[in-house]
Amino acid sequence: MTSQTKPHKGNDTDKASAARQDAAALPAAEDAERQQLMQRMAARSHALQQAAQQLKQELFGIDAIIDRVIDTIRAWYVMPELIQRPVIVCLWGLTGTGKTQLTRSLARKLGFYDRFVEVQMDGFSHGTSSWHGAGSISRILESSGIDEGEPGILVLDEFQRYRTLNEQRQEVEVQRYQDVWALLSDGRLPPSVSFLGELESTLAEARYDEQQRSPGERRAQAKKPLRVSAYEAQSLKRALKLKEPLLEIMAWPPERVEQELARVRGSEQSWETDYSRLLIFVCGNLDEMYESLARRVEDCDTDADVFHSHSLRLSLIDVKRALARRFKPEQVARLGNQHLIYPSLNRAAYTRIIDEHCAQYTEQMQRSTGLHFVITPEVRREIYANGVFPAQGTRPLFSTLHAVLGTPLVNAAVWALGLGAPAGSTVEVRLGADGQSLCAHAQGQQLHCPVAFEVRTLRQRTLSDFRALLAVHEAGHGLVHALLFGSAPQEIRINVASFEGGYAMFSDLQSWSRSNWLDRIAVCLAGRAAEGVVFGADACSSGAEQDIQHATEYASRFVRFLGYGERLARTDVTSETNEHLNTDVQPSNLAIEAILQTQMQRSTALITAHRQKLLALVDELMRHGELGRQRLAELLGVPMAPQDPMVLTDYAQRLQAFAQRDRAHTPNS
């Protein structure tokens, strides 16, 4: 018995030992898997940080935008298995600020070369003219390298042109890309009804042709395939979720295709195509957000820093408000809350772009010709003055850089080499004395290269009488603004190319009190008031026409919309939503005219009482053509305007005073 039980005990021991070994192996395997996961996550996090650094070297002035994009996509890139619905990032900004370039460059740096799809939402996109009919996002994704259920990058560019509401907020019928809203919702797209319908039509035709043949013809044709193209076979494979290779599907007879259709239709599994792990960039320019900044895209005179500071004030609420004028509420909701607003570039960013491109041109010329080119600061300043249009981003500047440096540098190189300039010798490029040419200096000689600096010419066209009129008019606006709002304007200019005159720019408010609104009307009329005080009533110019238009508009809103006048009701309210009409205009017209007259008299009195400050502004404008915020504050004796004023009325102090009075009159309980 003993000899028989020993092997049995030995087997139990072996099993126990193996069990212990297996139990010990499980944590080790788990540790190894955890280590691999940590290493992968660390490597991808490092790759994201490298991509961010590289993007900041390529794209100027949007470091904060790049950081927000990287933070938003971190989970999607580092641990895509966590993603259950698409990650949507909306990029909004003026043209030429680098929205599309950011998405393309990011896709390259993260290795998504073959999993990157860009769709122009205005309809001029690839995939809209294929055999299956109208363009759809699903068809474009099917023809891409993005596999179902896997990460990929989709860019929906020019999204502002894909509006579903017109300017009257009436629904617009849109034929293309109707499935985009389903994709934005949860990343799951239904099967293409149009494709399946066309497939059934093809099968029906094949079946009809078969029935029309004789028995002998049927036997001869029995083994012939359906004759679908490779693209059609790919669509069939995706729609029916087939595993067979394309060549095999292309050779299927109609009966096999019908069999697969019946199988899928009878199945309880979802037909939906899973794109829930997409990173979707929605890019566009919402003009409605910039109505107070970029009413004239030809504006090359507004200081880039002033324009930049105004654009920084735009918020998520401004985006939602602008989107609501183009899309239905449920569609706006599907875009999510990751709305990144590109600021317009400031002066430093434009200057950096100019310096970088000048360096690229000189380095290329040295590699090609052996000559060392030096582009002087005055040339760079002239490039800035002629190439920077703040409302149009970088594209006009790139065009100016090529026009100013391309041909002139080539001509200068040929000329210098013809003089016998040795390798490594310097060719200095200066601005010509006439301001309309570049002057190359080499070997003790010089060459003039004509350049069309048109903006400089336009700015210098004003005659002395016109400059005097502009200086007085704009100084009037600036003075009255400083007196009533207690801070200096953003800037005043009379040397301008894009306006038939000058302009004064002021900080805007988020909320206007009744007194603020009247002050605003007075500032509008101050240009005409200054002309009357200095030149006399008979010499007042027609340049105040737009000012009077704005003042009338503000006075109308004061009475008819804001309820600041004697009547509270708005005069544009009717029973029909889209038929807002002024139903009782005459009484409000009289009130509006009275407001305009009162504020004109007020502006005139202020200018008369502070005419020495007015003349100080006029003198500086006549000599320099422009005044910045700091110099205006010095001349007017007021502080500079805060960067982001919300309200000027002391509401918090008034609330505190009210509460104190209430406590003083309320007996203790």
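Our structure is the block above this text.
None of these values were measured; they are calculated from a predicted model. (Residues numbered from 1 in each chain as written. Predicted model: local features only at pLDDT ≥ 70, side-chain atom pairs only at ≥ 80, totals over all residues. Heavy atoms only, no water.)

A. Representation of the pattern of salt bridges in the model. Under the defined criterion, the tally for this structure stands at 23 salt bridges. Between Arg 40 and Glu 81 there is a salt bridge, with the nearest N and O atoms lying 2.8 Å from each other. Linking Arg 40 in helix H1 (residues 2-58) with Glu 81 in the loop between helix H2 (63-78) and strand S1 (87-92), this pair joins segments that are 41 residues apart in sequence. On the accessibility criterion, Glu 81 (33% relative accessible area) is partly exposed. Glu 118 is paired through a salt bridge with Arg 104; the nearest N and O atoms lie 2.7 Å apart. With Glu 118 in strand S2 (residues 116-120) and Arg 104 in helix H3 (residues 99-109), the pair connects residues that are 14 residues apart, well separated along the chain. Since its relative accessible area comes to 16%, Glu 118 is described here as buried. (Salt bridge = Lys/Arg side-chain N within 4 Å of Asp/Glu carboxyl O. Helix = DSSP H or I, 4+ residues; strand = E, 2+ residues; numbered from the N terminus. Buried < 20%, exposed > 50% of the residue type's maximum accessible area, 1.4 Å probe, protein only.)

B. Highlighting the packing of aromatic side chains. Per the counting criterion, the structure on display carries 13 aromatic pairs. Centre to centre, the rings of Trp 76 and Tyr 77 are 6.3 Å apart; their planes meet at 35°, and the pair counts as tilted. Judged by relative accessible area, which is 2%, Trp 76 ranks as buried. The class of Tyr 77 is buried, set by a relative accessible area of 12%. Taking the centre distance of 6.2 Å and the plane angle of 35° together, the rings of Tyr 162 and Trp 181 count as tilted. (Phe/Tyr/Trp six-rings, centres within 6.5 Å; stacked < 30°, edge-to-face > 60°.)

C. Structural detail: helix H21 (residues 585-609). Taking 1.5 Å per residue, 25 residues should reach 36 Å; H21 reaches 36 Å between its end C-alpha atoms and fits that length. When we look at burial in H21, the residues that qualify are Ser 588, Ile 592, Ile 595, Leu 596, Gln 599, Met 600, Ser 603, Leu 606 and Ile 607. Looking at the buried side of H21, the elements it contacts are helix H18 (464-485), helix H19 (514-535), helix H20 (545-560) and helix H22 (611-624). (Expected span 1.5 Å × (residues − 1). Contact = heavy atoms within 4.5 Å.)

D. Highlighting a nonpolar patch on the surface. Taken together, the side chains of Val 533, Val 534 and Phe 535 define a hydrophobic patch exposed on the protein surface, amounting to about 200 Å² of accessible area. Structurally, Phe 535 is set in helix H19. (Patch = residues over 30% accessible without salt bridge, like charges linked within 9 Å, V, L, I, M, F, W, Y side chains within 5 Å. Areas by Shrake-Rupley, 256 points an atom, 1.4 Å probe, with all protein chains shown as cover.)

E. Broad picture of the sheet that holds strand S3 (residues 152-157). If you walk across this open sheet you meet the five strands as S2-S3-S6-S1-S7, and the pairing is parallel. Edge strands, defined here as strands with exactly one partner in the open sheet, are S2 and strand S7 (339-341). Pairwise comparison of adjacent strand axes, ignoring direction, gives a mean angle of 20° for this sheet. As defined by bridge partners, S1 adjoins S7 across three bridges and the pair is classed as parallel. Looking at the pairing, Leu 91 lines up with Leu 340 of S7. (Pairing = 2+ DSSP bridges. Axes fitted to C-alpha atoms, helices over the stretch in contact; angles between N-to-C directions.)

F. Expanded view of the sheet that holds strand S8 (residues 372-375). Reading across from one edge, S8-S9-S10-S11 is the order of the four strands in this open sheet, with mixed pairing throughout. One side of each edge strand has no neighbouring strand; the edge strands of this open sheet are S8 and strand S11 (445-450). Here the average twist between neighbouring strands, direction ignored, is 25°. Pairing of strand S10 (residues 437-442) with S11 involves six bridges; the strand directions are antiparallel. Residue pairing for S11: Ala 442 is matched across the bridge by Gln 445. Where helix H15 (residues 377-387) meets the sheet, it contacts S8, strand S9 (426-431) and S10, and its direction lies at approximately 45° from that of S9. Where helix H16 (residues 395-418) meets the sheet, it contacts S8, S9, S10 and S11, and its direction lies at approximately 30° from that of S10.

G. Layout of the packing of H18 against H21. Contact pair H18 / H21: the axes reach a minimum separation of 10 Å and the direction vectors enclose 95°. Relative to H21, H18 is oriented roughly perpendicular. Taking contact as the criterion, the partners of Gly 476, Leu 479, Val 480, Leu 483 and Leu 484 in H18 are, on H21, Arg 602, Ser 603, Leu 606 and Ile 607. (Parallel < 35°, antiparallel > 145°, perpendicular 65-115°, else oblique.)

Limitation: the analysis is restricted to geometry and does not speak to function.
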